[in-house]
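The lines below spell out each chain.
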Amino acid sequence: MSTPSVEIPVTWAPRRTRAVLLPVCALLVVLFAVMAVLLPENWQLNDRIMMMASGVLFAAVGLMLARPRVSADAEGVTVVNFVRSRRLAWAEIVRVNFRQGDPWATLDLADGTSLATVGIQSGVGKAQAIADARALRDLVERHARV
């Protein structure tokens, strides 16, 4: 089965996950702020501040879960996972793997390590994730020949 050629620059990201998480994060901040204001009068100012801080903390975790993406351009690939980002030159990527049962694609690197690419994940649809991993694999192979 042939995959259509992908032109760069291109970004793969779980868009539905972001579409759900971003409004939920905003709602959490608003909800906890309202709760902080509506707390009984016997609650101290520091309790109210901590209630608002809790909402901000929960929203921050949600934003962290919405970060993953994989971007490819003429110079290489940028992998943004939950906490860390890594920029790779095309020559650093040996292979793209996405085995059955894997939650996301991984990159085998020239230094013998591997790197998870959470931006290409099966949680948003197995067929789409396979197509995205194949497109990235094709780009890696195309740039390896250059």
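Note that the coordinates shown come from a computational prediction; the quantities given were computed from them, not determined experimentally.

S.K.: Would you explain the sheet that holds strand β6 (residues 104-109) in this entry?
M.R.: To summarise the sheet geometry, strands pair through backbone hydrogen bonds and adopt either a parallel or an antiparallel arrangement. Strand order in this open sheet of three strands is β5-β6-β7, and the pairing throughout is antiparallel. Looking at the sheet topology across the chains shown, the edges are occupied by β5 (93-97) and β7 (114-121). Shown here is a sheet whose adjacent strand axes are inclined to one another by a mean of 25 degrees, direction ignored. In this sheet, β7 lies alongside β6 in antiparallel orientation, the contact comprising five bridges.

S.K.: Help me out: how do you make sense of unusual backbone geometry in this one?
M.R.: Apart from glycine, the bulk of residues carry a negative phi angle, and the bulk of peptide bonds sit in the trans form. Here Ile8 and Pro9 are connected by a cis peptide whose omega angle stands at 5 degrees. Assignment of secondary structure puts Pro9 in the segment before β1 (10-12).

S.K.: What is the right way to look at the nonpolar core in this model?
M.R.: As a rule of thumb, nonpolar side chains are buried together in soluble globular proteins. The biggest cluster of nonpolar side chains holds 23 residues, and the ones touching the most others in it are Trp12, Val77, Ile93, Leu107 and Leu136. Breaking this core down by element, the ones donating at least two residues are β1, β2 (69-72), β3 (76-80), β5, β6, β7 and α3 (126-145). With six residues, α3 is the single largest residue contributor to this core.

S.K.: What is the right way to look at the pattern of salt bridges in this model?
M.R.: Side chains bearing opposite charge may pair, as long as their charged atoms lie close to each other. Enumeration over the complete set of coordinates arrives at three salt bridges. Here Asp73 ties to Arg87 by a salt bridge, and the two come within 2.8 Å at their closest N and O atoms. Note that Asp73 is positioned in the loop between β2 and β3 and Arg87 in strand β4 (residues 85-89), a separation of 14 residues in sequence. Judged by its relative accessible area of 38%, Arg87 is partly exposed. Where Asp108 meets Arg95, a salt bridge forms, and the shortest distance between an N and an O atom there is 3.6 Å. Of this pair, Asp108 sits in strand β6 while Arg95 sits in strand β5; the two residues are 13 residues apart in sequence, bridging distant segments of the chain. The class for Arg95 is partly exposed, based on a relative accessible area of 44%.

S.K.: Help me out: how do you make sense of the packing of helix α1 (residues 15-38) against helix α2 (residues 45-65) in this one?
M.R.: Axes are the key here: two packed helices are described by the angle between their axes and the distance separating the axes. Their axes nearest at 8 Å, the elements α1 and α2 cross at an angle of 175 degrees. The orientation of α1 relative to α2 falls into the category roughly antiparallel. Contacts between α1 and α2 involve Leu21, Leu22, Cys25, Leu28, Val29, Phe32, Ala33, Met35, Ala36 and Val37 on the former and, on the latter, Arg48, Met51, Met52, Ser54, Gly55, Val56, Phe58, Ala59, Gly62, Leu63 and Leu65. Here the residues of the contact of α1 with α2 sort into 17 nonpolar, three polar and one charged.

S.K.: What exactly am I supposed to notice about the packing of aromatic side chains here?
M.R.: Each aromatic ring pair is characterised by the separation of its centres together with the angle its planes make. Inspection of every chain in the model, using the stated rule, returns two aromatic pairs. Both rings, one in Phe82 and one in Trp104, keep their centres 6.5 Å apart while their planes meet at 75 degrees; by these two values the pair is edge-to-face. With Phe82 in the loop between β3 and β4 and Trp104 in strand β6, this pair connects stretches of sequence that are 22 residues apart.

S.K.: Can you help me understand the pairing of β4 in this one?
M.R.: Successive side chains on a regular strand alternate, one facing one side of the sheet and the next facing the other. Across five bridges, β3 lies against β4 in antiparallel orientation. Paired with Gly76 across the two strands is Ala89, which belongs to β4. Hairpin connection from β3 to β4: four residues lie between these consecutive antiparallel strands.

S.K.: Explain the pairing of β3 here, please?
M.R.: With respect to burial, β3 is a largely interior element, four of its five residues being buried. When β2 meets β3, the two strands line up antiparallel, connected through four bridges. Bridged to Val70 within β3 is Val79. Connecting β2 to the next strand, β3, in antiparallel fashion are three residues.

What counts, and at which threshold
Residues numbered from 1 in each chain as written. Predicted model: local features only at pLDDT ≥ 70, side-chain atom pairs only at ≥ 80, totals over all residues. Heavy atoms only, no water. Pairing = 2+ DSSP bridges. Helix = DSSP H or I, 4+ residues; strand = E, 2+ residues; numbered from the N terminus. Axes fitted to C-alpha atoms, helices over the stretch in contact; angles between N-to-C directions. Core = buried A, V, L, I, M, F, W, Y, C linked by side-chain atoms within 4.5 Å. Buried < 20%, exposed > 50% of the residue type's maximum accessible area, 1.4 Å probe, protein only. Salt bridge = Lys/Arg side-chain N within 4 Å of Asp/Glu carboxyl O. Parallel < 35°, antiparallel > 145°, perpendicular 65-115°, else oblique. Contact = heavy atoms within 4.5 Å. Nonpolar A, V, L, I, M, F, W, Y, C, P; charged D, E, K, R; others polar. Phe/Tyr/Trp six-rings, centres within 6.5 Å; stacked < 30°, edge-to-face > 60°.

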